[in-house]
Amino acid sequence: MPTSPHTELTDARIAADKKATSDPHVQTTLCHAGRNPEKHSGAVNVPVFHASTILFPTLEKLDGKASAPVRYGRRGTPTSQALEDTVSALERAEGTVLTPSGAMAITVTLLAHARPGAHFLIPDNAYGPCRHTCNEVLKPMGVTFTFYDPLIGAGIADLLRDETALIWIEAPGSQTFEMPDIRAIVDVARANGIRTALDNTWSGGYYLQPISMGVDYSIQAGTKYLCGHSDVMSGTIACGPGLHEGMKNYAARLGVCVGPDDAYMVLRGMRTLAVRMRQHQDAALQIATWLADRPEVLRVMHPGLATDPGHTLWRRDFSGSSGLFGFVIRPVDRARLARMMDGLRFFGMGASWGGFESLLIPTDPAKLRSATEWNPGGQTMRVQVGLEEPADLIADLEEGLARLA
Ligand SMILES: *Cc1c(COP(=O)(O)O)cnc(C)c1O
């Protein structure tokens, strides 16, 4: 398979990102972080610890349990801690809080900044459930919101209020893939003492390090690329300097914890994150480039393409692109769209993404907006390019597009 020009970018960026020559590359870190064979009979992987009660052998140890590394199942086990440590190494975080879903990683981060009268800034293209949590959970508690144009950049300063407590960022945005100016937004936030959180699910944490850019919290649906196999729900909140202890205790007060089997599966997925991301990147770029030339396609939304409006910002901040992007086909009625979709061999239809298998769904981004318009003149689609051979995927899409006629 021909390698994409971005593989070069990735290699150069990742090499430049190493802090010192003695620091390993991120791919190496992903293979070694969080492991401790000496403690586990030499086993390469940290075992699955099913535990609620943790016993202390003496009263003195029981009295000192607050400083014990493992004290109660809800507060974490060696399995969940190994995953936390590996996510922290990937995200360059001070520490990581695990949640049972990506949606809960969002909710916990929002709730931790919620006070009656607090004001949050949310991008208009935010992941749908993030918007619904704002409107249906936090608004009734007295939090106010401004949904902002994701392309606002430094202009976000005009939206600040005295009560603004949090700026949410998603890069690129869900379904429509606009690339925000992360640095401009973070500069405004920092100058005004406002916290920032970035939904980093698209890059898998492999192609973007928000915390190194001054973002306070980098959250991911671990369900997607970290797990990578479409069989676990998981969320991660990677915390910037000085913020981990507070977030960990806040999540603990809410009773948030994760099951050891799920933590084990996500950690297993992370060991191969680097090779999977490179394959997702190369295959998605091939398919995006192919789609851009098709007469049925009005436009492709993929920041890794040189023609994309977000390409310059993407190139400045990211070291690569993942397997998820959007495109718009000419207006089509539902019956003809069904003819195309129902006959696909390799593209499944369903929610989520980030697994080994390809997915394709029609989307309706306009109904998830309130501050900006989305009318691209046709049917918006979202594709997750999996780990299949790209030539097979292109053949499948070619036959599908032909069925539209
Ligand atoms: C899927 C997704 C989430 C939520 O993750 P779940 O694990 O499904 O709850 C959050 N953000 C983005 C961008 C997502 O695509």
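Reference entry: report on the structure contained in this document. Only a predicted model underlies this, so the values are computations on that prediction, with no experimental measurement involved.

Before going further, it helps to examine helix H7 (residues 182–191). Those residues of H7 that fall on the buried side of the exposure criterion are Ile182, Ala184, Ile185, Val186, Val188 and Ala189. Each element contacted by the buried residues of H7 is listed here: strand E3 (144–148), strand E4 (164–170), strand E5 (195–199) and helix H11 (311–317). Two residues or fewer after H7 comes Gly193, characterised by a positive phi angle close to 65 degrees.

Strand pairing in a sheet relies on backbone hydrogen bonds, with the paired strands running either antiparallel or parallel. In space, the seven strands of this open sheet follow the order E1-E7-E6-E5-E4-E2-E3, with mixed pairing throughout. In this open sheet, the two strands that pair with only one neighbour each are strand E1 (95–99) and E3. Neighbour-to-neighbour, the strand axes of this sheet turn through a mean angle of 20 degrees, independent of strand direction. Judged from the five bridges that link them, E4 and E5 form a sheet pairing that is parallel. Within E5, the position partnered with Trp168 by the bridge is Ala197. Here H7 sits on the sheet and contacts E3, E4 and E5; the angle it forms with E4, its principal contact strand, is near 170 degrees. Taken strand by strand, helix H8 (residues 244–254) contacts E1, strand E6 (217–221) and strand E7 (235–239), and its axis lies near 20 degrees from that of E1.

The next thing to look at is the packing of helix H10 (residues 273–292) against helix H13 (residues 390–402). Taken N-terminus to C-terminus, the directions of H10 and H13 make an angle of 30 degrees; their axes are 10 Å apart at the nearest point. With respect to each other, H10 and H13 are oriented roughly parallel. As for the relative orientation of H10 and H13, their crossing is right-handed in sense. Along its contact with H10, which presents Gln279, Ala283, Gln286, Ile287, Trp290 and Leu291, the element H13 presents Pro390, Leu393, Ile394, Leu397, Glu398 and Leu401. Its residues assigned to classes, the contact of H10 with H13 shows nine nonpolar, two polar and one charged.

Note that Asp199 resides in strand E5. For the buried residue Asp199, which engages in no salt bridge, the nearest side chain bearing the opposite charge is Lys224, 7.4 Å off. Within the local environment of Asp199, its side chain forms a polar contact with the side chain of Thr201, the two groups lying 2.7 Å apart. Sequence-distant contacts of Asp199, defined by excluding residues within four places in its chain, comprise Ile106, Tyr127, Trp168, Ile169, Glu170, Ala171 and Ile219.

Reading the values: rules and limits
- Residues numbered from 1 in each chain as written.
- Predicted model: local features only at pLDDT ≥ 70, side-chain atom pairs only at ≥ 80, totals over all residues.
- Heavy atoms only, no water.
- Buried < 20%, exposed > 50% of the residue type's maximum accessible area, 1.4 Å probe, protein only.
- Helix = DSSP H or I, 4+ residues; strand = E, 2+ residues; numbered from the N terminus.
- Contact = heavy atoms within 4.5 Å.
- Pairing = 2+ DSSP bridges.
- Axes fitted to C-alpha atoms, helices over the stretch in contact; angles between N-to-C directions.
- Parallel < 35°, antiparallel > 145°, perpendicular 65-115°, else oblique.
- Left-handed = near helix turned anticlockwise from the far one by under 90°.
- Nonpolar A, V, L, I, M, F, W, Y, C, P; charged D, E, K, R; others polar.
- Lys, Arg positive; Asp, Glu negative; His and termini not counted.
- Salt bridge = Lys/Arg side-chain N within 4 Å of Asp/Glu carboxyl O.
- Polar contact = N/O pair within 3.5 Å; in protein donor to acceptor, adjacent residues only side chain to side chain.

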